[in-house]
Amino acid sequence: MPMENGYNEVSGVVNGSKYSYEDVQRIAQSVLDRVKCRPHIGIICGSGLGGLAEVLGDKEIIQYEDIEGFPVSTVPGHAGRLVFGSLQGKQVVLMQGRAHLYEGYDVHKIILPVRVMKLMEVRILFVTNAAGGINQDFNVGDIMIIKDHFNMPGFAAVNPLVGPNDDRFGPRFPPASQCYSYRLRKLIQETGEKLGMKDFIQNGVYCFLGGPSFETVTECRFLKVAGVDATGMSTVPEVLVANHCGMEVCGISLITNKCVMDYDSKQVANHEEVLETGEKRAKDMQQLISTVVADL
Ligand SMILES: O=P(O)(O)O[C@@H]1C[C@H](O)[C@@H](CO)O1
């Protein structure tokens, strides 16, 4: 049943919007029944990065609001469409936009699309996001290959794996120290270098914060000390779930702004700058991901 309004279904509900294995199976089948494509590769597009869909051939598109249980994106830069198609001869499914905690969605709702992809037999997942640079050596427009993450809300048990565990998805206590595939990190690095992108490819640690406020100066300084290179408001719940169910994950952050580290700075973070940087790097992101997909 299509949702009339994603907010109403989830607002204020903790652990109240979980989907059983059978629910996810039914949703995955209902999606597959509507398309010819049978993807083994999934791509989640972060803020302003949905243009990746432009490079797909033979597109088949379903709006999130037409998929049972899917959280509907409410943020500019997140179109809210599931796009199936071919990329370099490979069948892929691409999420043009995602949902975030700060939109009022429960963490279990945010990750539903990842489990649906898993039961559609997606095995490799590219997760992209826009992020603020904590590492002062990073420039706006840098592409950061994620090597690890910091789940800050996880300290307060905001983790999509909280609740009863269904072993058909994965184990009760999954390791999280190798969420980001070494193979794919190396492949992205090498591909980026071959494409002449060496000067703006970085490797680093992504921190997930709840948002929607951008960080205070003190928070940014704290993250720096903690070893974080870039910070954002997404990705980690999706990656934890993908890792739990055995998908191979590649995480990519686009550094859309520099985090403010100085108490007297006049600079402020804003969503417009995030979208602008996404647009400027759109072609490079498309080229990088499609070349890597060709090599898989
Ligand atoms: O979906 P992502 O993580 O790319 O979006 C980032 C975080 C906020 O949603 C927004 C802030 O500009 O961009």
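A.B. asks: What is the right way to read helix H5 (residues 182-194) from this model?
C.D. replies: Count 3.6 residues to each turn of an α-helix, and residues three or four apart come out pointing the same way. For H5, spanning 13 residues, the distance from its first C-alpha to its last is 18 Å, which sits close to the expected 18 Å at 1.5 Å a residue. If you check which residues of H5 are buried, you get Leu184, Arg185, Leu187, Ile188, Gln189, Thr191 and Gly192. Along its buried surface, H5 packs onto strand E5 (124-133), strand E6 (143-151), strand E7 (201-208), strand E9 (248-258) and helix H8 (271-294). You can read the cap of H5 off the contacts: a side-chain oxygen lies 3.3 Å from the backbone nitrogen of Arg183, and it is on Ser181. Remark: Gly196 follows H5 within two positions and exhibits a positive phi of approximately 80°.

A.B. asks: Even after reading the chapter, I still don't get helix H6 (residues 217-225), so can you show me in this structure?
C.D. replies: Among all positions in H6, only Val217, Cys220 and Leu223 are buried. Looking straight down H6, one finds that the buried residues subtend no more than 125° of arc, so they occupy a single side. Downstream of H6 by one or two residues, Gly227 has phi in the positive range, about 95°.

A.B. asks: Would you mind going over the packing of aromatic side chains with me for this structure?
C.D. replies: Geometrically, a pair of aromatic rings is defined through the distance of the ring centres and the angle of the planes. Evaluated as defined, the whole model comprises 3 aromatic pairs. Seen in terms of ring centroids, Tyr21 and Phe169 are 4.8 Å apart; in terms of plane orientation they differ by 55°. Their pairing is tilted. Taken together, the residues span a long stretch of sequence, with Tyr21 in helix H2 (residues 21-32) and Phe169 in the loop between E6 and H5 at a distance of 148 residues. With a relative accessible area of 14%, Tyr21 lands in the buried category. With a relative accessible area of 7%, Phe169 lands in the buried category. Plain terms: the ring middles of Phe150 and Phe155 are 5.4 Å apart, the flat faces sit at 55° to each other, and that makes the pair tilted.

A.B. asks: Help me understand the site of the ligand in this model?
C.D. replies: Around the ligand sit 13 residues in total, of which Ser47, His100, Tyr102, Ser234 and His271 are the nearest. Take Ala130: an N or O atom from its main chain is 2.8 Å from an oxygen atom of the ligand. Within the complex, the protein chains bury 96% of what would otherwise be the 340 Å² of accessible surface of the ligand. Mapped onto the shell around the ligand, the elements with two or more residues apiece are E5 and H8. Grouping the amino acids of the shell around the ligand by side-chain chemistry returns 5 nonpolar, 7 polar and 1 charged.

A.B. asks: In this structure, what is going on with the pattern of salt bridges? I would like to understand it.
C.D. replies: A side chain of one charge can pair with a side chain of the opposite charge if their charged atoms are brought near each other. According to the stated counting rule, one finds 7 salt bridges in the structure shown. Of the charged contacts, one joins Glu68 and Arg26 as a salt bridge, the two residues approaching to 2.5 Å between their closest N and O atoms. In this pair, Glu68 sits in the loop between strand E2 (57-63) and strand E3 (81-87) while Arg26 sits in helix H2, placing the two residues 42 residues apart along the sequence. Residue classification places Glu68 among the partly exposed residues on the basis of a relative accessible area of 24%. The partner of Arg168 in a salt bridge is Asp166, with the nearest N and O atoms 3.0 Å apart. Looking at Asp166, the relative accessible area reads 22%, which means it is partly exposed.

So, how was this worked out
- Every chain begins its residue count from 1, and numbering advances along the sequence as written.
- Residue-level local features of this predicted model are given only where pLDDT is at least 70; pairs of side-chain atoms are given and counted only at 80 or more, and the full residue set underlies all totals for whole chains, interfaces and linings.
- Think of the side-chain values as coming from all heavy atoms in the structure, minus any hydrogens and water.
- Strands here are runs of E lasting at least two residues and helices are runs of H or I lasting at least four, both read from the DSSP assignment and numbered beginning at the N terminus.
- For a helix, the expected span equals 1.5 Å multiplied by the number of residues minus one.
- Relative accessibility under 20% of the residue-type maximum defines a buried residue, over 50% an exposed one, and the middle range a partly exposed one, all with a 1.4 Å probe and only protein chains included.
- The criterion used for residue contact is that any of the two residues' heavy atoms lie within 4.5 Å.
- Polar contacts, as used here, are pairs of N or O atoms within 3.5 Å; protein pairs need one atom able to donate a hydrogen and one able to accept it. Residues neighboring in sequence count only if both atoms are side-chain atoms.
- It is the directions from the helix axis to the C-beta atoms whose arc is reported.
- Centres within 6.5 Å are what make two rings of Phe, Tyr or Trp a pair, Trp counting through its six-membered ring; a difference in plane orientation under 30 degrees is then read as stacked, over 60 as edge-to-face, and the rest as tilted.
- Any residue with a heavy atom positioned within 4 Å of a molecule or strand is treated as near that molecule or strand.
- Using a 1.4 Å probe, accessible areas were evaluated by the Shrake-Rupley method; residue-level cover was limited to the displayed protein chains.
- By the convention adopted, Pro, Cys, Tyr, Trp, Phe, Met, Ile, Leu, Val and Ala count as nonpolar, Lys, Arg, Asp and Glu as charged, and the other residues, Gly among them, as polar.
- Salt bridges are counted wherever a side-chain nitrogen of Lys or Arg sits within 4 Å of a carboxyl oxygen of Asp or Glu.

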